[in-house]
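The residues making up each chain are set out below.
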Amino acid sequence: DLPQRRDPDDRNRQEVVSQQPLVDAERILRNFMRRAFRREVTDDDIKPFLTRVETKLAEDYSFEQALRVGLKAVLVSPHFLFLREQAGVSPSDERLPKSSRLRKSDSTPLDDFALASRLSYFLWSSMPDEELVALARQRKLHQPETLRKQVERMLGDPKAAAFTENFAGQWLGLRAIDDTTPDRMLYPEYDDILKVSMIKETLLFFNEVLKHDLSLTSFVASDFSMLNGRLAKHYGIPGIEGLEFRKVSLPPESHRGGVLTMASVLKVSANGTTTSPILRGAWVLDRILGTPPPKPNVDVEAVEPDIRGATTIREQLAKHRQNAACATCHVKIDPPGFALENFDVIGGWRERYRSVGTGEPAFVNGRKMRYLNGPPVDASDVLPDGRRFQNIDDYKQLLLDDKDQLARSLAEKLLAYATGATPTTADQPEIDLIVSRIRDNKYGLRSLVHEVVQSQIFQHK
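Note that the coordinates shown come from a computational prediction; the quantities given were computed from them, not determined experimentally. (Residues numbered from 1 in each chain as written. Predicted model: local features only at pLDDT ≥ 70, side-chain atom pairs only at ≥ 80, totals over all residues. Heavy atoms only, no water.)

Please clarify how the overall build of the protein chain should be interpreted in this entry.
Of the regular secondary structure elements, the protein chain holds 20 helices and nine strands. Here the protein chain holds 461 residues, and the buried ones make up 50% of them. Partitioning the intrachain contacts of the protein chain with sequence separation of at least 6 by distance along the chain shows that 65% fall at a separation of at least 24. On the protein chain, roughly 23,300 Å² of surface is accessible, and the fraction owed to carbon and sulfur atoms is 51%. (Helix = DSSP H or I, 4+ residues; strand = E, 2+ residues; numbered from the N terminus. Buried < 20%, exposed > 50% of the residue type's maximum accessible area, 1.4 Å probe, protein only. Contact = heavy atoms within 4.5 Å. Areas by Shrake-Rupley, 256 points an atom, 1.4 Å probe, with all protein chains shown as cover.)

Whenever I open this one, the nonpolar core confuses me. Can you help?
Nonpolar side chains in soluble globular proteins tend to end up buried together. Membership of the largest hydrophobic core comes to 99 residues, with the highest contact counts inside it found for Phe122, Leu123, Phe163, Phe219 and Leu448. Leave out the neighbours within four places in its chain, and phenylalanine 122 touches Phe163, Leu414, Tyr417, Ala418, Val449, Val452, Val453 and Phe458. Formed by 16 residues, the second largest nonpolar core is a distinct cluster that contains Ala25, Phe37, Val41 and Phe63. (Core = buried A, V, L, I, M, F, W, Y, C linked by side-chain atoms within 4.5 Å.)

I tried to follow a nonpolar patch on the surface on my own but got confused; where do I start?
There is a patch of nonpolar side chains on the surface, built from Leu75, Val76, Phe80, Leu81 and Phe82 and spanning about 480 Å² of accessible area. Positionally, valine 76 belongs in the loop between helix 3 (63-75) and helix 4 (78-81). (Patch = residues over 30% accessible without salt bridge, like charges linked within 9 Å, V, L, I, M, F, W, Y side chains within 5 Å. Salt bridge = Lys/Arg side-chain N within 4 Å of Asp/Glu carboxyl O.)

Looking at this model, I keep getting lost on the pattern of salt bridges. Mind explaining?
Side chains that differ in sign of charge can pair as their charged atoms come close. Counted according to the given criterion, the structure contains 28 salt bridges. Between arginine 13 and glutamate 64 there is a salt bridge, with its nearest N and O atoms 2.6 Å apart. Here glutamate 64 lies in helix 3 and arginine 13 lies in strand 2 (residues 10-16), a separation of 51 residues in the sequence. Via salt bridges that share partners, Asp7, Arg13, Glu64 and Arg68 belong to a single interconnected network.

Could you clarify how one ought to interpret the pairing of strand 3 (residues 224-227) in this entry?
The side chains of a regular strand alternate, residue by residue, between the two faces of the sheet. With burial as the criterion, each face of strand 3 is covered, one bearing Phe224 and Met226 and the other bearing Ser225 and Leu227. As paired strands, strand 3 and strand 4 (residues 246-249) are joined by four bridges and run antiparallel to one another. Residue pairing across strands places phenylalanine 224 opposite serine 249, the latter belonging to strand 4. (Pairing = 2+ DSSP bridges.)

Can you help me understand the packing of helix 2 (residues 43-58) against helix 3 in this one?
The description of two packed helices rests on the angle between their axes and on the distance between the axes. Relative orientation of the contacting elements helix 2 and helix 3 amounts to 150 degrees, with a least axis distance of 8 Å. When the interaxial angle is binned, helix 2 and helix 3 end up roughly antiparallel. Judged by the sense of rotation from one axis to the other, the crossing of helix 2 with helix 3 is right-handed. Here Phe49, Arg52, Val53, Lys56 and Leu57 of helix 2 lie close against helix 3, whose contacting residues are Phe63, Ala66, Leu67, Val69, Gly70, Ala73 and Val74. For the contact of helix 2 with helix 3, the residue count by class is nine nonpolar, one polar and two charged. (Axes fitted to C-alpha atoms, helices over the stretch in contact; angles between N-to-C directions. Parallel < 35°, antiparallel > 145°, perpendicular 65-115°, else oblique. Left-handed = near helix turned anticlockwise from the far one by under 90°. Nonpolar A, V, L, I, M, F, W, Y, C, P; charged D, E, K, R; others polar.)

So what exactly am I meant to see when it comes to the side chain of arginine 38 here?
For arginine 38, the position within the fold is in the loop between helix 1 (21-37) and helix 2. Of the side chains with opposite charge, glutamate 85 lies nearest to the buried arginine 38, which makes no salt bridge, at 9.0 Å. Setting aside residues up to four positions removed in sequence, arginine 38 forms contacts with Met33, His79, Phe80, Phe82, Leu83, Phe113, Ser117, Tyr121, Met127 and Pro128. (Lys, Arg positive; Asp, Glu negative; His and termini not counted.)

How do you make sense of helix 19 (residues 445-454) when you look at a structure like this?
In an α-helix, one turn spans 3.6 residues, which is why side chains three or four residues apart end up on the same side. Burial analysis of helix 19 places ten of its ten residues in the buried class, the great majority of the element. Every buried residue of helix 19 is accounted for by Leu445, Arg446, Ser447, Leu448, Val449, His450, Glu451, Val452, Val453 and Gln454.

Looking at this model, I keep getting lost on the environment of valine 452. Mind explaining?
Relative to the helices and strands, valine 452 resides in helix 19. Along the sequence, valine 452 and isoleucine 431 sit 21 residues apart, while their C-alpha atoms lie 8.7 Å from each other.

Whenever I open this one, the packing of helix 10 (residues 192-211) against helix 19 confuses me. Can you help?
Running from amino to carboxyl end, helix 10 crosses helix 19 at an angle of 75 degrees, the nearest separation of the two axes being 6 Å. Accordingly, the angle class assigned to the pair helix 10 and helix 19 is roughly perpendicular. Within the contact between the two elements, helix 10 uses Phe206, Val209, Leu210 and Lys211 and helix 19 uses Leu445, Arg446 and Val449. By residue class, the composition of the contact of helix 10 with helix 19 is five nonpolar, no polar and two charged.

Honestly, it's all geometry; don't read function into it.
This is the structure in structure tokens:
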């Protein structure tokens, strides 16, 4: 909105000029800093940056050159580079005596601008928009109904794709998809189209559950997935053609449904050659059940799968578990890992292991493969409480017996992602309250996001 003139040092560009440089500089800095700092700014906030501009003007810098110095200073300020969440008193807390405003963990309520930023980076991975800032300025954002409307608005915005990609990517470890490359001799069917399809299935599935407030138990077991022709062929599901993804009802005999049996998850929880019940079991305990196993003793030798097929991983683990120091943890870790043993390193279904050493010739569509068919897979085991399962389908049903634990685990993951801090023991009563509320809403994922945002854990620092 300011006039321009030809830059005397560069005739190919125009330079902004001002008749009232300090007045215009203050106005521009105020608007810029409000957006950069994601809050209202005071005269004291602006003063050091305006002083830089004034100093440069006194050194015969042009208006635009001097203003650029001030703007650059804003962009290296900790207030821009870091989320320095300011404490405040929410309207709901103002009615309480000061001694009652703190939670047991001595946290303090965020002010409305900090809450706007936390909400925006949670659901959009970006700065608040003008509507959030306006509500923060009016101190209305802490109102439960206002928050609920904003969450719905934000989840319906295209920018919410960042939540699906970033949260699901972190929670399920999808960013590790390229950490290993499947052995070409053992897995010649793996290619980039399959890899991209793997990731897209998981993200589209997460988005479908979120959009329609489907039960979070869908992440364990579901009767549908999002497939294209390439992935359907990999899963052995007929009738799906083309690269376009669509919602597909899964036949019962497919052994699919939920994230546990998605190729993306199965690949990132394996290496490029072999699968390990230990790694996959620990993954399930941590990511799905929220009960990560302790780290192994440093003096215990790791189990290395025999890729030549002379022994099975079950045989090796049986020997490993004879060590009393290992048995205590492996009785918890191994069962979920064994439940997934029917899936190879790229998520394909297998009845027998593939090997490069001992075994029988393998044929696919009449074509002899370079790998051999090794020993048969045994995916059965027993849980620490004595419940037995024969395969992944049985194991999924056992997981569904404790829906509250599944909900508690995901609530903790969401809170850690949203606040940047892992929930503590002091937060457990409120997490239990969140679980009880979504239990009444059939454990809906969208309902869980709402309850996380409404919680004191999210609204306090």
